[in-house]
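Chain by chain, the residues run as shown.
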Amino acid sequence: MPIHEEHLIRPEDLTTHDDLVIDGVDVSGHWSTFIESRVVTDYNEAMEEEIAALPGGEYIHRCWQCGSCTNSCTVNAINPDFNPRYWIYLIRMGMESELLRDKDIIWQCVSCNKCTYACPRDVFPEGVMKATAHWLELKGHTPTSPSMHFDEEFSSQVFATGKIEEGRIIRGFFRRTGQSLKQGWLIEMVKGMLRNLPAGLLIRMGLANALKPRTRGWGGARAAIEEYVAEQETHHRQALGLDALVRQAASELDAEPRESRA
Ligand code: SF4
Ligand code: SF4
């Protein structure tokens, strides 16, 4: 008998024999399709607390799994594997290895916040997606995502000057992500700006690019922001146990025979 809603099962969890006869009965194809049993043994019981400690994840405990976030999700409409409700379930259950199977798509949330408006429990699923992507990076499961590179470039400019200047942000973002500035769409965009924007505005933009002006009296605000950010980073490291993870990795490396490290 065929499996109903087979598309909901991951292909790697399905086993099918294309050519199988048992006791003279041909059970090839869907007649011999089995769903692999899954046994989860490596729970991370602190996972919900770890995500909740990061900005955006604070209200994950409110989720009652109604699925409104996934139903309204922009990215889910294109890719059914992008499933905020399911990931929130995995996080609350501590099923880290299951979550890691989707680690390369979680960062793709486009922050449209349709889920936020649909959620009846004020979980802020968009924030949970951001916190989860951040958690994956902090734990070393994924490299720094393009969106995190952008956030870091944006923040560093605000911290330094109290202002942002779009041209410098784009240049900094491209530098961080190893992209060339000579991309067709970017060249066309700049040409369009040169053709259509008032000359005075273009001159001001050029000056801001070159001179990097600061907000007046920014020094005090900058010091306060940097102190707050440092406090938050320390809090996040403690909540995720990152220092202990680093110590453990270092001691495991020390215990390894030198020749096996090559
Ligand atoms: S904010 Fe992210 S998770 Fe929410 S609906 Fe938009 S793409 Fe989906
Ligand atoms: S809409 Fe809110 S309560 Fe419903 S599953 Fe999504 S996060 Fe949970």
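Preceding this paragraph is the structure being described.
From a predicted model like this one, the values you see are computed outputs, not experimental measurements.

A. Main features of the side chain of Gln157. With respect to the element layout, Gln157 can be found in helix H8 (residues 146-161). Residue Gln157 is classed as buried on the basis of its relative accessible area, which comes to 5%. Setting aside residues up to four positions removed in sequence, Gln157 forms contacts with Gly162, Lys163, Ile164, Glu165, Arg168 and Ile169.

B. Representation of the site of ligand 1 within the structure. For ligand 1, the set of nearby residues contains 13 residues, the closest of which are Cys73, Cys109, Cys112, Asn113 and Cys115. For the shell around ligand 1, the secondary-structure elements that each account for two or more residues are helix H3 (74-78) and helix H7 (125-138). Among the residues forming the shell around ligand 1, the class breakdown is 9 nonpolar, 3 polar and 1 charged.

C. Structural detail: the packing of aromatic side chains. Taken as a whole, this structure holds 6 aromatic pairs when the rule is applied. Between Phe150 and Phe173, the aromatic rings sit 5.7 Å apart at their centres with planes inclined by 70°, giving edge-to-face as the arrangement. Residue Phe150 is found in helix H8, and its partner Phe173 is found in helix H9 (residues 166-176); the two are separated by 23 residues along the sequence. Owing to a relative accessible area of 35%, Phe150 belongs among the partly exposed residues under this scheme.

D. Here's a closer look at the pattern of salt bridges. In the structure shown here, the tally under the stated rule is 14 salt bridges. For Arg101, the salt bridge identified is with Glu98, shortest N-O distance 3.2 Å. Note on Arg101: relative accessible area 32%, which makes it partly exposed. Salt bridges sharing partners connect three or more residues here, namely Glu12, Asp13, Glu98 and Arg101.

E. Structural context of the site of ligand 2. Around ligand 2, a shell composed of 14 residues is seen, among which Cys63, Cys66, Gly67, Cys69 and Cys119 lie nearest. Class assignment of the residues belonging to the shell around ligand 2 gives a composition of 9 nonpolar, 3 polar and 2 charged.

F. Spotlight on the nonpolar core. By size, the foremost hydrophobic cluster in this structure holds 27 residues, and its most contacted members are Trp87, Leu99 and Trp135. Elements with a contribution of two residues or more to this core: helix H1 (47-52), helix H4 (84-93) and H7. Among the elements that line this core, the one with the most residues is H7, at 5 residues.

G. Molecular detail of the environment of Glu226. Structurally, Glu226 can be placed in helix H12 (residues 218-240). Along the primary structure Glu226 and Phe159 are separated by 67 residues, whereas in three dimensions their C-alpha atoms are 7.4 Å apart.

H. Molecular detail of unusual backbone geometry. Non-glycine residue Asp23 carries a positive phi angle of around 50°. With respect to the secondary-structure elements, Asp23 resides in the loop between strand E2 (21-22) and strand E3 (25-26). Phi at Gln65 takes a positive value of approximately 65°, unusual for a residue other than glycine. Position of Gln65 relative to the elements: it lies in the loop between H1 and helix H2 (68-72). On the basis of relative accessibility, which here comes to 28%, the residue Gln65 falls in the partly exposed class.

Definitions and cut-offs
- Residues numbered from 1 in each chain as written.
- Chains lettered and ligands numbered in written order.
- Predicted model: local features only at pLDDT ≥ 70, side-chain atom pairs only at ≥ 80, totals over all residues.
- Heavy atoms only, no water.
- Helix = DSSP H or I, 4+ residues; strand = E, 2+ residues; numbered from the N terminus.
- Buried < 20%, exposed > 50% of the residue type's maximum accessible area, 1.4 Å probe, protein only.
- Contact = heavy atoms within 4.5 Å.
- Near = heavy atom within 4 Å.
- Nonpolar A, V, L, I, M, F, W, Y, C, P; charged D, E, K, R; others polar.
- Phe/Tyr/Trp six-rings, centres within 6.5 Å; stacked < 30°, edge-to-face > 60°.
- Salt bridge = Lys/Arg side-chain N within 4 Å of Asp/Glu carboxyl O.
- Core = buried A, V, L, I, M, F, W, Y, C linked by side-chain atoms within 4.5 Å.

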